[in-house]
Amino acid sequence: MTDIIIQGIHGRMGRALCTMIEARTDCRVVAGVDAKELPSAVPVFPSLEKNTVPADVLIDFSNPDATQNAIEYCRAHKLPCVICTTGLSEGQEQALRELSKTVAVFKSANMSLGVNLLIELAKQANAVLGTDFDVEIIEKHHHNKLDAPSGTALMIADELCGASPVPYHYVYDRHAERRKREPTEIGIHAVRGGSIVGEHEVIFAGPEEVITISHSAGSREVFANGALNAAVFLAGKPAGMYNMKDLMHL
Ligand SMILES: NC(=O)C1=CN([C@@H]2O[C@H](COP(=O)(O)OP(=O)(O)OC[C@H]3O[C@@H](n4cnc5c(N)ncnc54)[C@H](OP(=O)(O)O)[C@@H]3O)[C@@H](O)[C@H]2O)C=CC1
Ligand SMILES: O=C(O)C1=N[C@H](C(=O)O)C[C@H](O)C1
């Protein structure tokens, strides 16, 4: 049984985690952390520093400031963590890499099986198509999302760059530009509206043909399930940086 603390327990993802965990026998939520005070079945603390409940893993779906607290708390308490919050600064990304030298850290901007498979398919497509095909990424999310572009869009672009000899650079949203597109660009575009859970499209536009690989999340359950699987996977693992490739054996 993996005992989990959820940071951001009263948020959209925190609530989805609490619902999904009820059906599981391999893990349970023992405490939460949230800026909001609301009734809860488990003790909820206003900050991790105030937590008094022992646990095996922390799952973080909050915001970058709270993630910074999680990094410090997990270092001090040697607590493995699953970091799902997006919009982190380069300094915070670096602090997570440092943390992973002493603690097991699982980090993914998208905990769904589908998006992580999409990344592998997109890398394969890019290797075949090369710079004859222009790469553009479009992401769509609900109107309450704070960061743009999405962590997933950036993760897709970073993975394409990492797997390609082409020195790509990113161009965001292409407004007020009057110039021709370069073949070494990856265009990244954000749409915000209504209750869209999360959609990502990778477009390879070539001479006379276009290939589009897309993923649409039907509900937050896909992210919640992925995060719970990651927490169970991570409990007891040695220090290191883990991601969905480790979980999915990609
Ligand atoms: N990796 C993945 O698969 C996914 C990642 N995400 C990412 O997860 C994050 C959270 O998303 P979502 O649940 O939709 O966001 P929400 O805003 O709904 O939830 C975040 C929760 O954290 C609380 N919070 C704010 N500050 C603190 C703090 N200092 N300490 C503790 N809790 C705090 C918020 O309270 P208050 O509202 O009062 O500020 C809120 O209840 C985002 O970065 C999002 O991009 C989302 C879905 C999937
Ligand atoms: O904020 C969200 O909702 C989501 N955020 C993640 C991101 O920024 O990529 C993942 C998912 O698409 C939902």
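In this text, all values refer to a predicted model and were calculated from it rather than measured experimentally.

A. Just helix α6 (residues 221-234), in detail. With 14 residues, α6 extends 20 Å from end C-alpha to end C-alpha; this agrees with the ideal 20 Å at 1.5 Å per step. Looking at α6, one finds that the buried residues are F223, A224, G226, A227, L228, A230, A231, F233 and L234. Remark: G236 follows α6 within two positions and exhibits a positive phi of approximately 80°.

B. Spotlight on the site of ligand 2. The full set close to ligand 2 counts 13 residues, and H141, H142, K145, G151 and T152 are the nearest of them. One nitrogen or oxygen atom from the side chain of H142 is found 2.9 Å from an oxygen atom belonging to ligand 2. Between K145 and ligand 2, the recorded distance is 2.7 Å, taken from a side-chain N or O atom to an oxygen atom. Protein coverage of the free-state accessible area of ligand 2, which is 330 Å², stands at 85%. In a pocket analysis with a 2 Å cut-off to the grid points, ligand 2 is assigned to the largest pocket. Residue composition of the shell around ligand 2, by class: three nonpolar, eight polar and two charged. Among the domains, domain 1 (2-111 + 220-248) and domain 2 (113-216) are the pair contributing at least three residues each to the shell around ligand 2.

C. Fine view of the UniProt feature "binding site: (S)-2,3,4,5-tetrahydrodipicolinate" (unreviewed entry) in the protein. UniProt records the feature "binding site: (S)-2,3,4,5-tetrahydrodipicolinate" (unreviewed entry) for H142, G151 and T152 in the present numbering. Taking the annotated residues in turn, H142, G151 and T152 line the largest pocket. Filtering out sequence-adjacent residues up to four positions away, H142 remains in contact with R12, R192, G193, G194, S195, I196, V197 and R220. Those residues in contact with G151 that sit more than four places away from it in its chain are T86 and A109.

D. Fine view of the packing of helix α2 (residues 64-77) against helix α3 (residues 90-99). Between α2 and α3, the shortest axis-to-axis distance is 10 Å and the interhelical angle comes to 20°. Of the possible angle classes, the one that applies to α2 and α3 is roughly parallel. The handedness of the crossing between α2 and α3 is left-handed. Each of P64, D65, Q68, I71, C74 and R75 in α2 lies in contact with α3, whose residues at this interface are Q92, A95, L96 and L99. Residues that form the contact of α2 with α3 fall into these classes: six nonpolar, two polar and two charged.

How each quantity is defined
Residues numbered from 1 in each chain as written. Chains lettered and ligands numbered in written order. Predicted model: local features only at pLDDT ≥ 70, side-chain atom pairs only at ≥ 80, totals over all residues. Heavy atoms only, no water. Helix = DSSP H or I, 4+ residues; strand = E, 2+ residues; numbered from the N terminus. Expected span 1.5 Å × (residues − 1). Buried < 20%, exposed > 50% of the residue type's maximum accessible area, 1.4 Å probe, protein only. Near = heavy atom within 4 Å. Polar contact = N/O pair within 3.5 Å; in protein donor to acceptor, adjacent residues only side chain to side chain. Areas by Shrake-Rupley, 256 points an atom, 1.4 Å probe, with all protein chains shown as cover. 1 Å grid on protein atoms, 1.4 Å probe; cavity = no way out; pocket = protein on both sides within 12 Å on 5 of 7 lines; lining within 4 Å. Sits in = over half its atoms within 2 Å of the grid points. Nonpolar A, V, L, I, M, F, W, Y, C, P; charged D, E, K, R; others polar. Domains from an automatic or database assignment. UniProt positions renumbered as here; feature names shortened; annotations may be inferred. Contact = heavy atoms within 4.5 Å. Axes fitted to C-alpha atoms, helices over the stretch in contact; angles between N-to-C directions. Parallel < 35°, antiparallel > 145°, perpendicular 65-115°, else oblique. Left-handed = near helix turned anticlockwise from the far one by under 90°.

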